[in-house]
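Descriptive structure summary
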Amino acid sequence: MRDEAKYRTDLERHFLAETQRLRGRGLLLLWIGGLLWLYVVLRLLLPWAVLGADPDCGAPLFERIELGYEDRILNPCSVVPWPTLLAVLAVSVPVLVTGAALYVRGMVSANLSHYVRSMTR
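Residues numbered from 1 in each chain as written. Predicted model: local features only at pLDDT ≥ 70, side-chain atom pairs only at ≥ 80, totals over all residues. Heavy atoms only, no water.

**Looking at the pattern of salt bridges**
Side chains that carry opposite charge are capable of pairing whenever their charged atoms lie near each other. The full count for this structure, using the stated rule, is two salt bridges. Salt-bridge contacts for Glu18 lead to Arg21; the nearest nitrogen and oxygen are separated by 2.7 Å. You can see Glu18 and its partner Arg21 sitting in helix α1 (residues 4-45), three residues apart, about one turn around the helix. (Salt bridge = Lys/Arg side-chain N within 4 Å of Asp/Glu carboxyl O. Helix = DSSP H or I, 4+ residues; strand = E, 2+ residues; numbered from the N terminus.)

Here is the structure:
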């Protein structure tokens, strides 16, 4: 026969360890998503010379789009980085949503466990 009290405490300890792992993974994914957004902000606000790229280009957010004859863009510095930055933002959204979901799941599970323990004792 097993000891019920020991079995419950073991089960609760394993459950709380799992919620801790979920919260940790969620925070890690939130940090990664935040770093991706920081990368995008830095790429938008800093001139290219600071980033080691073309020294003639300024910050993409502040570059003016100049059109020439036949509606050709004369200054490619204002247009070139946008597809890459939008792709980074598109990748960061699922990472952030998954991180938030894991963190919330871990917090709710831990809180429910504490609530059930306080109601049953």
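**Structural notes on the side chain of Ser109**
For Ser109, the position within the fold is in helix α2 (residues 82-120). Given the relative accessible area of 18%, Ser109 is considered buried. A distance of 2.8 Å separates a polar atom in the side chain of Ser109 from the backbone oxygen of Arg105. When sequence neighbours within four positions are dropped, the list of residues in contact with Ser109 reads Phe15 and Thr19. (Buried < 20%, exposed > 50% of the residue type's maximum accessible area, 1.4 Å probe, protein only. Polar contact = N/O pair within 3.5 Å; in protein donor to acceptor, adjacent residues only side chain to side chain. Contact = heavy atoms within 4.5 Å.)

**Some words on the packing of α1 against α2**
The contact between α1 and α2 brings their axes to 7 Å, and the two run at 155°. If you check the angle between α1 and α2, you find them roughly antiparallel. Remark: the crossing between α1 and α2 carries left-handed chirality. (Axes fitted to C-alpha atoms, helices over the stretch in contact; angles between N-to-C directions. Parallel < 35°, antiparallel > 145°, perpendicular 65-115°, else oblique. Left-handed = near helix turned anticlockwise from the far one by under 90°.)

**Here we look at α1**
The terminal C-alpha atoms of α1, which comprises 42 residues, lie 61 Å apart, in line with the 62 Å expected from a rise of 1.5 Å per residue. Among all positions in α1, only Glu12, Thr19, Leu22, Arg23, Gly26, Gly33, Val40 and Leu44 are buried. Against the buried residues of α1 lie α2. (Expected span 1.5 Å × (residues − 1).)

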